[in-house]
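The lines below spell out each chain.
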Amino acid sequence: MSAPGISAPGTFAPLREQLRSAATTFAGGPDAVAEILTGIVDDVDRALGEDLEIFPVCHHSPAAALAMARRLREKQPAVIYLELCEDLRPLLEELRNCRLPVAVQAFASELDGFPAAWAPLNIVAPISEASAEYQAIAYALDTPGVELVLVDRSADHVFQWTPTESSDPAADAGPESADTDAAPDDPGGQPAEEAALHGEAVGIGMGDLRPRFAELRSYLLHHGKVRHWSEWWDQYVEQPLADADYDTYRQVMVLIGSLFRRLRPPADSGRDDRDEDRERYMWTRMRQHMAASGVDRSRCLYVCGAFHAASPVEEFGTAPGTPDWEISPRTGTRWLYGLIPSSHSAIERQFDLAPGSVSIAQAGWAKAVGRGGVTPYQLVGQPAGRKRGRAKKQAAAPAAPAPVADRLSGFLSRPPVLDEVDEAELLAWCVDIVRLARRNGYLASTADAIAIFETSILLAGIRNRARPTPYDFSDAAVTCIEKDVVPGRRDVRRLCDILLGGDRIGQVGYDALPPLARDVFDRLAPLGLALEARTIQRALLDLTAHPEQVPCSDLLWVLHRLLPDGVVRPIMGERRLGERSIQESWDLGLGRHQRAVIELGYEGITVEQVLEKRLRRSVWAPDATAAGALAAVEDAILFLPSRRFVDELGGRAVDLLSAERTVDDAPEVLRRIRRLLAHYRNTEPELPAWCQSFVTTGYAHYCTLLPTAFVDDETGVRQVGAMLGFLFSMESLALSLGCDRAQLELAVRQSHPEAPAKVALLWAAQSQLGLLSVAQLRSRCAELLTNPLVVPAFPHYLSGFVQALEPVPSLAPFVVEVISEAFARLPDPVLLPWLPKLITTLREQAPELVPLLVREAGRTFPAGLAALDAWVPPWSPDATGPASAVPDAGAGGLPVSASGPLVGLLRDHPATCDAVAELLGCDTGWQSAGSPAAGARSSEAALLLHTHPMTASAVADLLADLLAEPAGSR
């Protein structure tokens, strides 16, 4: 007789000899087959002979959960050692505030000791009600005097053991995160939103019992007449073990774990090492705890995957003298912990299970519990389901375990028990699936329900089982209902999954949320919405009638900036510089996307703190740019009421601009700095210091890079045009801040481009600086059109002129003139091949400037077709009258006219001109239009207006607005 809990040396001797004899008979002599078959018996003998009781489990297995509930009530252990990351232990107390399934999570975004490319590191361990680990957790947390100890490697060690050269740590970190030796059970799974609840996290679970030897897996599926591994496991392991006694369950699970372990291919040597290191880690932790606590090994229970129960490592066991394994210290990475929602489909996707298998397991668990015979454990206070029986601590110590007896021989030699057909259950399934199919657009009827019933029984008979399983029923429903058409977004197989249990989705309770998530829900409480619901909530905000909703609006805009698309979505309203909505409408999915909100809480205590950290990190990143820093400044102005922080980001933008050696982001820089300057001019009495510094730095910076950008083939026309736009539009401000205009003139004179588009840009810049007259521009373009060698490249010149509208908008009439002349002078054989190139060039290089060109053309050309024949172009020498607006060019190439609305305005109201003349020291008085002095003055005025066109443009815009208003409103 062996000691309690220890198998006698000859307990499994008859089975060992029987297997060796069978292998010798069929293989013709002792070989590797006999070694494997006898080796698995030795593994069972070793696991059951350990003084510390080992409870082997399979992940999300109802049979394991039932056996665990029975064993816990029978044994009443004082310490439970659980195969789960040891640093996740504090999170388990929060499970009572959640609705299962949920996943405990470890998250790290700031790495110390790991490659930066791995960031962020993310580990999840899903927990469902139909799992042995949940039964152990519920028993330990609700039973006084019971200690729960997690003994698996920490989250930090999971990634420590990942090869540093790996580019995808999620694929290598955990052996249970993916099955790399075989494809998923069903590649046609539903890509539902709930299937992505875990994201790209590394999944950690107990008991990944799937053969990693592809040939064995295919053999089992073929001879078992099943479609995927989940169905084989349910048919040949779950159902036989659901009602088996504890000894049989334990021996069979260790046997399966040993078999799959010994059949792993040699290519899995790296995974073998990690598995064995995990086992050394866990046994070392358990011995250390026993030595520190002095607990009796007979009152402990070790819950681990069946794969790890059959461990061959030297550190296996708790016998005196067993060597410990040296555990490396953790890195400096700061890990954050929390709970996130999970779902059956998320678990299936994470662990490559067949779609619907976890839902079917949950349905089997509920049915087994409903039959009676076992009372499962459930955490007190948990919101889901009815309250289960609570374990009570027994005063007397449990009886010593009976000696281990051989249950394997009888289990392996006994034919499977054929269950009778449960007609009531099958009929209910058939009726319900037809009703559900009709709701989803299928033309199903009572005849289909009868056909499903008969087909399910037929399929079960073909597959050598008397009772149809949910998998047989699903196949029959697809055959009889779906046929060849799927009318809606859900196919029949998905409907069967919903019918048999549905994709249960967990939820993290308010008390288990991180502080940031609780703060978000508290601050949105004035909206009066059920934000914890998984449905989309519509929020209507009237910020004028209800000022108390303004903080809610501010928070929603910050969440919209931080969270992924679709979590917080604005329907009506916008927030931009200088604009605030008075009414807003939002679609809120915070309950559906709890994971995103929870992971946001890993970065800070409030959303404003998280946004500030992200903005600061973005502008100080190694690849930060001036355009990105200006975007951060704009976000800080919109969402963070902190002038100090805005000034800090603005100063960083100045530093980044001065350090840039390329002008790739010049268009973005120009667009953002213009918007920021307009904002500050409208809201503050003077520009901030960083804005002034940015303008002066940018002026000098772009003047320095301009000659190089003109000749650099890698720099596009759009970038050069944006540089010139910055220089010309910021010129007056830069000069007032101390910049020198000579620097810009020297940069333009030193530029010698060769590309046609850049040549046109240079001509436009020279025209703006007064170095080139409009007459000279017109002459050069005429020469281009008369040169047959240049005509094919003329669209590129036009593209350059269109890009020049950004820095020199006054060139719009001239660009219209050039295009019109080209259309008028070029013959059809030249023009027709030339047009597609012109259109594609403008579409690719200047799409936002073409509308400006179109508006100018609309003002130039006649409005009706009848007037086109008599129309004379205003730039034509034959044009007469004030409408031509093309008199002789004065100094600087600007046309001078002695008549028109502007001249009449100045003559009717001379006080302004007299004051300016007195300020400038001019005392010559007003001259008549025909006098020589007047002509000279006109030339000087033309030169002045051409040199400083912004004043004249502003006056012209003002006059246009006044003339457009009704007479009574002036």
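Everything numeric here is computed off the predicted structure, so don't read it as measured data.

Asks: Whenever I open this one, the overall build of the protein chain confuses me. Can you help?
Replies: Each helix and strand counted, the protein chain has 39 helices and 13 strands in total. Out of the 970 residues belonging to the protein chain, those deemed buried represent 50%. Relative to all contacts within the protein chain whose residues are 6 or more apart in sequence, the contacts with residues 24 or more apart total 76%. Carbon together with sulfur atoms contributes 56% to the accessible area of the protein chain, which is approximately 44,300 Å² in total.

Asks: Hey, could you run me through unusual backbone geometry in this one?
Replies: For residues besides glycine, phi is generally negative; the peptide bonds are generally trans as well. The peptide bond linking Leu-100 to Pro-101 adopts the cis configuration, its omega dihedral lying at 5°. Mapped onto the elements of the fold, Pro-101 is located in the loop between β2 (79–85) and β3 (102–108).

Asks: What is the right way to read the sheet that holds strand β8 (residues 336–341) from this model?
Replies: Sheet strands pair by backbone hydrogen bonding; their relative direction is either parallel or antiparallel. If you trace the four strands from one edge of the open sheet to the other, you get β6-β4-β3-β8, paired in mixed fashion. Pairing within the sheet leaves two strands with one partner each, and these edge strands are β6 (202–203) and β8.

Asks: Quick question: what am I supposed to make of the packing of helix α25 (residues 666–683) against helix α27 (residues 717–729) here?
Replies: For any two helices packed against each other, one specifies the crossing angle of their axes together with the interaxial distance. Following both chains from N to C, one finds α25 and α27 inclined at 30°, their axes separated by 8 Å at the closest point. Between α25 and α27, the crossing angle belongs to the class labelled roughly parallel. For the element pair α25 and α27, the recorded crossing hand is left-handed. Contacts from Ala-666, Pro-667, Leu-670, Ile-673 and Arg-674 of α25 reach α27 at Arg-718, Gln-719, Ala-722, Met-723, Gly-725, Phe-726 and Ser-729. Here the residues of the contact of α25 with α27 sort into seven nonpolar, three polar and two charged.

Asks: Any chance you could explain the environment of Ala-136 here in plain terms?
Replies: Within the secondary structure, Ala-136 sits in helix α4 (residues 132–142). As for Ala-136 and Tyr-81, which are separated by 55 residues in sequence, their C-alpha atoms are 9.4 Å apart. Dropping the residues within four chain positions of it, Ala-136 is found in contact with Met-68, Leu-72 and Ile-80.

Asks: How should the packing of aromatic side chains be read in this particular structure?
Replies: What characterises a pair of aromatic rings is the spacing of the ring centres plus the angle enclosed by the ring planes. Per the counting criterion, the structure on display carries 19 aromatic pairs. Here Phe-55 and Tyr-246 contribute two aromatic rings whose centre-to-centre distance is 5.7 Å and whose plane-to-plane angle is 25°, an arrangement assigned as stacked. With Phe-55 in strand β1 (residues 53–57) and Tyr-246 in helix α9 (residues 246–262), this residue pair connects regions lying 191 residues apart in the sequence. Tyr-246 carries the same exposure label as Phe-55, and that label is buried. One aromatic cluster is present, formed by Trp-763, Phe-794, Tyr-797, Phe-801 and Phe-814 through successive ring pairs. One cation-aromatic arrangement involves Arg-652 over Trp-620; the distance from NZ or CZ to the ring centre is 4.1 Å.

Asks: I tried to follow the packing of α25 against helix α26 (residues 689–711) on my own but got confused; where do I start?
Replies: Relative to each other, α25 and α26 sit at 150°, their axes nearing to 11 Å. The pairing of α25 with α26 is recorded here as roughly antiparallel in orientation. Where α25 crosses over α26, the two elements pack in a sense that is left-handed. When α25 is examined against α26, the residues Ala-666, Val-669, Ile-673, Leu-676, Leu-677 and Tyr-680 are found in contact with a partner set consisting of Trp-690, Cys-691, Phe-694, Val-695 and Tyr-702. Here the contact of α25 with α26 is composed, by residue class, of eleven nonpolar, no polar and no charged.

Asks: Explain the pairing of strand β4 (residues 121–127) to me, please; I cannot follow it from the model alone.
Replies: Side chains on a regular strand alternate between the two faces of the sheet. Within β4, seven of the seven residues are buried, which leaves the element mostly enclosed by the surrounding structure. Residues of β4 alternate between two faces, with Leu-121, Ile-123, Ala-125 and Ile-127 on one and Asn-122, Val-124 and Pro-126 on the opposite face, all of them buried. Here seven bridges tie β3 to β4, and the two strands are oriented antiparallel to one another. Following the sheet pairing, Val-104 is matched in β4 by Ala-125. As defined by bridge partners, β4 adjoins β6 across two bridges and the pair is classed as parallel. Pairing of Val-124 across the sheet is with Gly-203, part of β6.

Asks: Please clarify how the confidence of the model for the protein chain should be interpreted in this entry.
Replies: Parts of the prediction with low pLDDT should not have their coordinates interpreted in detail. Averaged over the protein chain, the pLDDT score is 78; the fraction of residues at 70 or greater is 77%. Low pLDDT (under 50) marks residues 1–9, which in the prediction has 22 contacts with non-local residues, meaning those over four places away or in another chain. Contacts of residues 385–397 to residues separated by more than four positions or lying in other chains number 24 contacts, the stretch itself having pLDDT below 50.

Asks: How should I be thinking about helix α8 (residues 229–242) in this particular structure?
Replies: Note: α-helices contain 3.6 residues per turn, so residues at a spacing of three or four share the same orientation. Taking 1.5 Å of rise per residue, 14 residues should cover 20 Å, and α8 covers 18 Å from first to last C-alpha, within 8% of that figure. Approximately 35° is the largest bend angle found in α8, and it occurs at Gln-235. α8 sits mainly inside the fold: eleven of its 14 residues count as buried. Within α8, burial applies to Trp-229, Ser-230, Glu-231, Trp-232, Trp-233, Asp-234, Gln-235, Val-237, Glu-238, Leu-241 and Ala-242.

Asks: How should I be thinking about the side chain of Gln-719 in this particular structure?
Replies: With respect to the helices and strands, the residue Gln-719 is situated in helix α27. Apart from residues lying up to four places away in sequence, Gln-719 is in contact with Val-663, Asp-664, Ala-666 and Pro-667.

Asks: Mind showing me how you'd approach helix α29 (residues 741–749) here?
Replies: When we look at burial in α29, the residues that qualify are Arg-741, Leu-744, Ala-747 and Val-748. Considered in projection along α29, the buried side chains sweep an arc of 120° and stay on one side of the axis. Against the buried residues of α29 lie α26, α27, α28 (731–736) and α30 (756–768). Between a side-chain oxygen at the N-terminus of α29 and the backbone nitrogen of Ala-742 the separation is 3.1 Å; the capping residue is Asp-740.

Asks: For this particular structure, what's the right way to read a nonpolar patch on the surface?
Replies: Among the surface-exposed residues, Val-916, Leu-919 and Leu-920 lie close enough to one another that they form a single nonpolar patch of about 340 Å² accessible area. With respect to the secondary-structure elements, Leu-920 resides in helix α37 (residues 911–920). On the basis of relative accessibility, which here comes to 60%, the residue Leu-920 falls in the exposed class.

Asks: Which parts of the structure should I look at to understand the pairing of strand β13 (residues 583–588)?
Replies: Burial analysis of β13 places five of its six residues in the buried class, the great majority of the element. By the bridge criterion, six bridges tie strand β9 (residues 537–542) to β13 in an arrangement that is antiparallel. Bridging from a neighbouring strand, Arg-538 pairs with Asp-587 of β13. As judged from the four bridges shared by strand β10 (residues 568–572) and β13, these two strands associate in the antiparallel manner. Across the sheet, residue Arg-569 finds its bridge partner in β13, namely Asp-587.

Asks: Just checking my understanding: could you explain the sheet that holds strand β7 (residues 300–305) for this structure?
Replies: A sheet is described by the order of its strands in space; here four strands give the open sequence β1-β7-β2-β5, paired in parallel fashion. Both outer strands of the open sheet, β1 and β5 (147–152), are each paired with one neighbouring strand and no more. Across this sheet, the average inter-strand angle for adjacent strands is 30°, counted without regard to direction. Taken together, the five bridges between β1 and β7 define a ladder with parallel strand orientation. Across the sheet, Phe-55 pairs through a bridge with Val-303, a residue of β7.

Asks: Just to check I follow, could you spell out the pattern of salt bridges for this structure?
Replies: Pairing is possible between side chains of opposite charge, provided their charged atoms come close. Summed over all chains, the structure comprises 42 salt bridges. Linking Glu-634 and Arg-675 is a salt bridge whose minimum nitrogen-to-oxygen distance equals 3.0 Å. Placement of the pair is Glu-634 in helix α23 (residues 626–639) and Arg-675 in helix α25, with a sequence separation of 41 residues. According to the relative accessible area criterion, Arg-675 is partly exposed, its value standing at 30%. A salt bridge links Arg-778 to Glu-817, with the shortest nitrogen-to-oxygen separation between them at 2.4 Å. Residue Arg-778 is found in helix α31 (residues 774–786), and its partner Glu-817 is found in helix α33 (residues 812–825); the two are separated by 39 residues along the sequence. Because the salt bridges share partners, they merge into one network encompassing Glu-634, Glu-668, Arg-671, Arg-672 and Arg-675.

Conventions adopted
Residues numbered from 1 in each chain as written. Predicted model: local features only at pLDDT ≥ 70, side-chain atom pairs only at ≥ 80, totals over all residues. Heavy atoms only, no water. Helix = DSSP H or I, 4+ residues; strand = E, 2+ residues; numbered from the N terminus. Buried < 20%, exposed > 50% of the residue type's maximum accessible area, 1.4 Å probe, protein only. Contact = heavy atoms within 4.5 Å. Areas by Shrake-Rupley, 256 points an atom, 1.4 Å probe, with all protein chains shown as cover. Pairing = 2+ DSSP bridges. Axes fitted to C-alpha atoms, helices over the stretch in contact; angles between N-to-C directions. Parallel < 35°, antiparallel > 145°, perpendicular 65-115°, else oblique. Left-handed = near helix turned anticlockwise from the far one by under 90°. Nonpolar A, V, L, I, M, F, W, Y, C, P; charged D, E, K, R; others polar. Phe/Tyr/Trp six-rings, centres within 6.5 Å; stacked < 30°, edge-to-face > 60°. Lys NZ or Arg CZ within 6 Å of the ring centre and 35° of its normal. pLDDT = per-residue confidence, 0-100. Expected span 1.5 Å × (residues − 1). Bend = angle between axes of the 7 residues up to and from the residue. Arc of directions from axis to C-beta. Polar contact = N/O pair within 3.5 Å; in protein donor to acceptor, adjacent residues only side chain to side chain. Patch = residues over 30% accessible without salt bridge, like charges linked within 9 Å, V, L, I, M, F, W, Y side chains within 5 Å. Salt bridge = Lys/Arg side-chain N within 4 Å of Asp/Glu carboxyl O.

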